[in-house]
Amino acid sequence: MHQLFAELMGTALMIVFGVGVHADTVLNDTKYHGSGHLFAITTWAFGISIVLFIFPTICLNPAMAFAQFLLGNMSFSRFIEVSIFELAGGVIGAVIVYIMYADQFKHSYDNIDPVTIRNIFSTGPGVRNLPRNFFVEFFDTFIFLTAIMVIVTIKTPGIMPIGIGLLVWAIGMGLGGPTGFAMNQARDLGPRIAFAILPLKNKAAADWQYGLLVPGIAPFFGAAAAVIFAKFYLGL
């Protein structure tokens, strides 16, 4: 239970940083309104590094937990438990952000497109093309998890959190444009669930078709590809 609650708290903190920075840049009457995607991606990257300094042994990501299951490091039942706690952490983190920015949400309902407000919580494609969107999330996750499996082999203290933060930064800048680089069901589906249940005015649809297919399923395929590449080519 200690490990599972670490997954919950770590994922919640990751979402507080990530969804929080989107609220900060999008909503009216924030200190950093309009700061843009460089600001947001940098916050995601640094935030994940901080989370991994605090909770260095967690997956933070059902796709990573699935990779650990495929590698034989985790039972299937444990993978399910970890994923549930991570999703719950994603919901909790998004609710905390809503509470923190409740006044700014109220000042934005009539001035900001409802889909833009939804995208504070969850990812969405720049161009909706589900097969291509699926491939993007698959490939992003493949690169992400493969690189993590290499980074964690470096035993120098502090390298793992910093390296993964730099990895998130690079993927966000280079590969994040088409879909918003979820690569993680807890990052997308957790806040998407929170968006669906929160008392937001003029709420857009949660777009479960996209959420379940692209950030929901594609990362598992990316995890499987990463395991195959890491095991049979890199010899990890």
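Starting from 1, residues in each chain are numbered consecutively following that chain's sequence as written. Local features in this predicted model are restricted to residues of pLDDT 70 or higher, and side-chain atom pairs are both shown and tallied only at a pLDDT of 80 or more, whereas totals for entire chains, interfaces and linings draw on every residue. The basis for the side-chain values is all heavy atoms of the structure; hydrogens and waters are excluded.

If you check an unreviewed UniProt entry, the protein appears there as Glycerol transporter from Limosilactobacillus fermentum NB-22. UniProt positions are given in the numbering used here, feature names are shortened, and annotations may be inferred rather than shown by experiment. The record in UniProt for the protein states the following under Sequence similarities (unreviewed entry): "Belongs to the MIP/aquaporin (TC 1.A.8) family." Annotation of the protein in UniProt includes, under Subcellular location (unreviewed entry), the sentence "Membrane".

> Got a minute to help me understand the UniProt feature "transmembrane region" (unreviewed entry) in the protein in this structure?
As recorded in UniProt, the sites labelled "transmembrane region" (unreviewed entry) are residues 39-67, 79-101, 134-154, 166-183 and 208-234. Between the end C-alpha atoms of residues 79-101 the distance is 33 Å, and the span holds 96% helix and 0% strand. Secondary structure elements are defined from DSSP: runs of H or I of at least 4 residues count as helices, runs of E of at least 2 residues count as strands, and each element is numbered from the N terminus. With 86% helix and 0% strand, the stretch residues 134-154 has end C-alpha atoms that lie 31 Å from each other.

> So what exactly am I meant to see when it comes to the pattern of salt bridges here?
Between side chains of opposite charge, a pair can form when the charged atoms approach closely. Every case where a carboxyl oxygen of Asp or Glu lies within 4 Å of a side-chain nitrogen of Lys or Arg is listed as a salt bridge. With the rule as written, the count across this model stands at four salt bridges. Note that K201 is salt-bridged to D110, the shortest N-O span being 3.6 Å. Taken together, the residues span a long stretch of sequence, with K201 in the loop between α9 (185-197) and α10 (208-232) and D110 in the loop between α5 (102-106) and α6 (114-121) at a distance of 91 residues. Accessibility here uses a 1.4 Å probe with only protein chains present; expressed as a share of the type maximum, an area under 20% marks a residue as buried, one over 50% as exposed, and anything in between as partly exposed. When its relative accessible area of 61% is taken as the criterion, D110 is described as exposed.

> What am I meant to see in the packing of aromatic side chains here?
Both the distance between ring centres and the angle between the ring planes are used here to describe each pair of aromatic rings. Stacked, tilted and edge-to-face are the three classes assigned to paired rings of Phe, Tyr and Trp, where Trp is represented by its six-membered ring and a pair needs centres within 6.5 Å; plane angles under 30 degrees give stacked, over 60 edge-to-face, the rest tilted. Tallied over the full model, the rule gives 19 aromatic pairs. Look at F135 and F138: their rings are 6.1 Å apart centre to centre, the planes differ by 45°, and that puts the pair in the tilted class. Placement of the pair is F135 and F138 together in helix α7 (residues 130-151), with a separation of three residues, close to one helical turn. With a centroid separation of 5.7 Å and 80° between ring planes, the pair formed by F142 and F229 is classed as edge-to-face. Taken together, the residues F142 in helix α7 and F229 in helix α10 connect sequence positions 87 residues apart. Residue F229 is classed as partly exposed on the basis of its relative accessible area of 32%.

> Explain unusual backbone geometry to me, please; I cannot follow it from the model alone.
Excluding glycine, residues mostly have negative phi values, and the peptide bonds linking residues are mostly trans. In this structure, L60 takes a positive phi of about 65° despite not being glycine. Mapping L60 onto the fold places it in the loop between α2 (37-54) and α3 (62-70). The class for L60 is buried, based on a relative accessible area of 5%. Phi is positive for M183, which is not a glycine, with a value near 60°. Summarising the element assignment, M183 is placed in the loop between α8 (159-175) and α9. Residue classification places M183 among the buried residues on the basis of a relative accessible area of 3%.

> I keep staring at helix α4 (residues 76-100) and nothing clicks. Help me out?
Because an α-helix packs 3.6 residues into every turn, residues spaced three or four apart end up facing the same way. For α4, with 25 residues, the first-to-last C-alpha span of 36 Å sits near the 36 Å given by 1.5 Å per residue. When we look at burial in α4, the residues that qualify are F79, V82, S83, F85, E86, G89, G90, V91, G93, A94, V97 and Y98. Here a helix's expected span is defined as the number of its residues, less one, multiplied by 1.5 Å.

> It is not clear to me how the nonpolar core should be interpreted in this structure. Could you clarify?
Grouped burial of nonpolar side chains is what soluble globular proteins tend to show. Nonpolar core, defined: a set of buried Ala, Val, Leu, Ile, Met, Phe, Trp, Tyr and Cys residues in which side-chain atoms within 4.5 Å join the residues together. If you look at the biggest cluster of nonpolar residues, it comprises 63 residues, and the most contacted ones within it are F105, F121, F144, L145, I164 and L200. Per-element tally for this core: the top contributor is helix α1 (residues 2-26), with eight residues. Contacts between residues were defined by any pair of non-hydrogen atoms, one from each residue, lying within 4.5 Å. If sequence neighbours within four positions are ignored, F121 has contacts with V19, A94, F105, R187, P191, F195, L198 and L200.

> Teacher, can you tell me more about the packing of α2 against α8 here?
The contact between α2 and α8 brings their axes to 8 Å, and the two run at 155°. The angle between the axes of α2 and α8 places the two elements in the roughly antiparallel class. In the packing of α2 onto α8, the handedness of the crossing is right-handed. The segment α2 lies against α8, with L38, I41, T42, W44, A45, I48, S49, L52 and F53 engaging M160, P161, I162, I164, G165, V168, W169, G172 and M173. To obtain an axis, a line is fitted to C-alpha atoms, over the contacting stretch when the element is a helix, and the angle between two such axes runs from 0 to 180 degrees between their N-to-C directions. Should an angle lie under 35 degrees it is considered roughly parallel, over 145 roughly antiparallel, and from 65 to 115 roughly perpendicular; all remaining angles are considered oblique. A clockwise turn of the near helix away from the far one marks a right-handed crossing, whereas an anticlockwise turn of less than a right angle marks a left-handed crossing.

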